[in-house]
Amino acid sequence: MPSTIDITLLFRELLGRLSTSKVSLSPGGPYAGEDDSAFTTTLSGEFKVTGRGGLGCSGLLRTVVVDGSSRRLGSPGFRVFLAGVAVYGGVGGSPLMLYPTLSGLEGGVGFMGVKAPIDVLKSIEGDVSLSRFVRVRFTGGGYFDEDANEDDISDDVRMSLEAWAIGELARRLNRGYAVILDGPIYLGVREKANLAFSRITAVNGLEGVGVPVVGVVKRVENSRKLCSGGVIEELNVDVDPRHCNDPTVVQAVGRRFSGGVGDVVLIGPFRHVHGKAGGLTSFMFPERVFWYVHSGFGSRVFRVEALASTYNSFGGEVDCLVKWLALSIDGNGLPYVIDIADRFAKGITRSLYLLFYGMAKSANVAFTYDTEQEAASVMREVANLGGAAWA
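Since the model is a prediction, treat every value here as computed from it, not as a measurement.

Q: For the overall build of the protein, give the residues involved together with the corresponding values.
A: Counting its secondary structure elements, the protein contains twelve helices and 13 strands. Its C-alpha radius of gyration of 22 Å places the protein within 12% of the 21 Å reference for a compact globule of 391 residues. Looking at the 391 residues of the protein, the share that counts as buried comes to 56%. Across the protein, the fraction of contacts at a sequence separation of at least 24, relative to all contacts at a separation of at least 6, is 73%. Both charge centroids of the protein, one from 39 positive and one from 42 negative side chains, sit 2 Å from each other.

Okay, structure coming up:
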């Protein structure tokens, strides 16, 4: 078996397998999103609200950012999920790692997922070359079959690839570095416990070589970690817990302490513990600490989180890193290094998407309306970038 695989040959072989699917698929069951009611949030003993004037620190570690991207294509008989991961080191403006690349695939890291009838999935699973790069099962073992939710599949493929990249960094980095994940430290979802465990294991690997890890969560509109009556009372904000999300609470605190437009306010740390303390659930969903950042740009807020074990071992370094992230906000209201890594990651999946879409159209694959609309959008992205899919 060659050590490097031509990605066009891989796509061609996969399309051949997918062409045998004659079943009309549905989106699948309900999405297994994080249930904040399964966790308890409290203000930590170190909790405080800090404005811009108190966010300075010295001794910032060298930062490395990990970001994954995913896109999907659908036909009546199958769905394909494409993922890519970028590692940005903030040195010289170039990424440290991009996977996969169109120049050739090495190793055996799955970057694709396929939802299809079980016979098609088993055919892919039984192919030596395809099974190295194309996933047909969740991390917990169940197939991506007709009943699987497509958002759950997308999460699993992307976050598994990110966990692989985190593991790679544990072999390359040492003390003096810090790793920033674009996204949560783990998803606290019972149905995704195996996925959470693989991510936590990778993070623990970095901890073991002296490298702290934090996650920056950009999409917090559906988060209700601060919406318990006790937290709202301690924060002394006028928010109804029945009609609450985290940005509402953070905005209320931020307005009270902010000096005006663009003034940053850091709120935390909070402690976040699974409601069933002890036993297997605490092992699978360990305690986290998190901060919220009120950016001062419109309604934009974001969360920075870490495992409690990371904070206990690297408290001062993590505090400094969180303050730096709060101060390094760009015009989008997010830390600029997150936006840079995001651009690299999206460039990977944009290129994969266009290659697979073009090959599938040449093979007379009929895509769904949503996919055709998405393809047109991706082509416009490339046109706006001057024709460079990787830009």
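Let's pick the thread back up.
Q: How would you explain unusual backbone geometry if you had to name every residue and give the values?
A: At the junction of Y99 and P100, the peptide bond is cis and its omega measures out at -5° in the coordinates. For P100, the location among the structural elements is in the loop between β5 (95–99) and β6 (105–106). At the junction of G268 and P269, the peptide bond is cis and its omega measures out at 5° in the coordinates. As for its placement among the helices and strands, P269 is situated in strand β11 (residues 265–274). Although it is not a glycine, N236 sits at a positive phi angle of roughly 60°. Tracing the sequence through the fold places N236 in the loop between α6 (229–235) and α7 (246–257). You can call N236 exposed: its relative accessible area is 61%.

Q: Which residues make up the state of the cysteines, and what are the values?
A: Covalently bonding the sulfur atom of one cysteine to the sulfur atom of another cysteine gives a disulfide. This model, assessed by the stated rule, comprises two disulfides. Here C57 engages in a disulfide with C320; their sulfurs sit 2.0 Å apart. Taking the sign of the S-S torsion, 75° for the link of C57 and C320, the bridge is right-handed. Within this pair, whereas C57 is found in the loop between β2 (39–51) and β3 (62–75), its partner C320 is found in helix α10 (residues 315–327), the two being separated by 263 residues in sequence. C57 gets classed as partly exposed once you look at its relative accessible area, which sits at 39%. Residue C227 pairs covalently with C244 via a disulfide, S to S 2.0 Å. Its torsion about the S-S bond being -80°, the disulfide of C227 and C244 is classed as left-handed.

Q: Report on the pattern of salt bridges, specifying residues and quantitative values.
A: One pass over the full model with this rule turns up 31 salt bridges. Residue E374 pairs with R71 through a salt bridge whose shortest N-O separation is 3.9 Å. Residue E374 is located in helix α12 (residues 369–384), and its partner R71 is located in strand β3; the two are separated by 303 residues in the primary sequence. A salt bridge links K218 to D342; its shortest N-O distance comes to 3.7 Å. Residue K218 is found in the loop between β10 (213–217) and α6, and its partner D342 is found in helix α11 (residues 336–362); the two are separated by 124 residues along the sequence. Overall, K218 belongs to the buried group, its relative accessible area being 13%. Salt bridges here are not isolated pairs; linked through shared partners, they connect E34, D36, K225, R288, R303 and E305.

Q: Residues and numbers for the packing of aromatic side chains, please.
A: Enumeration according to the criterion identifies 15 aromatic pairs in this entry. Judged by centre distance (6.2 Å) and plane angle (85°), the rings of Y99 and F111 are edge-to-face. Of this pair, Y99 sits in strand β5 while F111 sits in the loop between β6 and β7 (112–115), placing them twelve residues apart in sequence. You can call Y99 buried: its relative accessible area is 8%. A ring pair is formed by Y186 and F285, whose centres lie 6.0 Å apart and whose planes are at 25°; its orientation type is stacked. Pair noted here: Y186 is in the loop between β9 (177–182) and α5 (193–208) and F285 is in the loop between α8 (279–284) and β12 (288–294), with a separation of 99 residues, a long-range link.

Q: Quick one: what's the story with the environment of R171, residue by residue and with numbers?
A: Relative to the elements of secondary structure, R171 occurs in helix α4 (residues 150–172). It is 8.4 Å that separates the C-alpha atoms of R171 and L206, two residues lying 35 residues apart in sequence. Within the local environment of R171, its side chain forms a polar contact with the side chain of E168, the two groups lying 2.5 Å apart.

Q: Please provide a residue-by-residue account of α11, values included.
A: Taking 1.5 Å per residue, 27 residues should reach 39 Å; α11 reaches 39 Å between its end C-alpha atoms and fits that length. The buried count for α11 comes to 19 of 27 residues, which makes it a mostly enclosed element. The first or second residue beyond α11 is N364, which carries a positive phi of 65°.

Q: Residue-level account of the packing of helix α1 (residues 7–18) against helix α2 (residues 118–125), with values.
A: Interhelical geometry of α1 versus α2 gives an angle of 150° and a closest axis separation of 10 Å. In terms of axis orientation, α1 runs roughly antiparallel to α2. Helix-helix and strand crossings are classified by hand; for α1 and α2 the assignment is right-handed. In contact with L14, R17 and L18 of α1, α2 contributes V120, S123 and I124. Counted by class, the contact of α1 with α2 contains four nonpolar, one polar and one charged residues.

Q: Quick rundown of the nonpolar core? Include the residues and the values.
A: Formed by 103 residues in total, the largest nonpolar core has its most connected members in F111, M112, V179, I180 and F356. No other element matches the 13 residues that α11 contributes to this core. Contacts of I180, omitting those with residues within four sequence positions, involve T63, V64, V65, V66, V214, V216, L321, W324, L325, V337 and I338. Residues L43, V217, F270 and F290 belong to the second largest nonpolar core, which totals 21 residues.

Cut-offs and rules
- Residues numbered from 1 in each chain as written.
- Predicted model: local features only at pLDDT ≥ 70, side-chain atom pairs only at ≥ 80, totals over all residues.
- Heavy atoms only, no water.
- Helix = DSSP H or I, 4+ residues; strand = E, 2+ residues; numbered from the N terminus.
- Rg over C-alpha atoms; globule rule 2.2 N^0.38 Å.
- Buried < 20%, exposed > 50% of the residue type's maximum accessible area, 1.4 Å probe, protein only.
- Contact = heavy atoms within 4.5 Å.
- Lys, Arg positive; Asp, Glu negative; His and termini not counted.
- Charge placed at Lys NZ, Arg CZ, Asp CG, Glu CD.
- Disulfide = S-S within 2.5 Å.
- Salt bridge = Lys/Arg side-chain N within 4 Å of Asp/Glu carboxyl O.
- Phe/Tyr/Trp six-rings, centres within 6.5 Å; stacked < 30°, edge-to-face > 60°.
- Polar contact = N/O pair within 3.5 Å; in protein donor to acceptor, adjacent residues only side chain to side chain.
- Expected span 1.5 Å × (residues − 1).
- Axes fitted to C-alpha atoms, helices over the stretch in contact; angles between N-to-C directions.
- Parallel < 35°, antiparallel > 145°, perpendicular 65-115°, else oblique.
- Left-handed = near helix turned anticlockwise from the far one by under 90°.
- Nonpolar A, V, L, I, M, F, W, Y, C, P; charged D, E, K, R; others polar.
- Core = buried A, V, L, I, M, F, W, Y, C linked by side-chain atoms within 4.5 Å.

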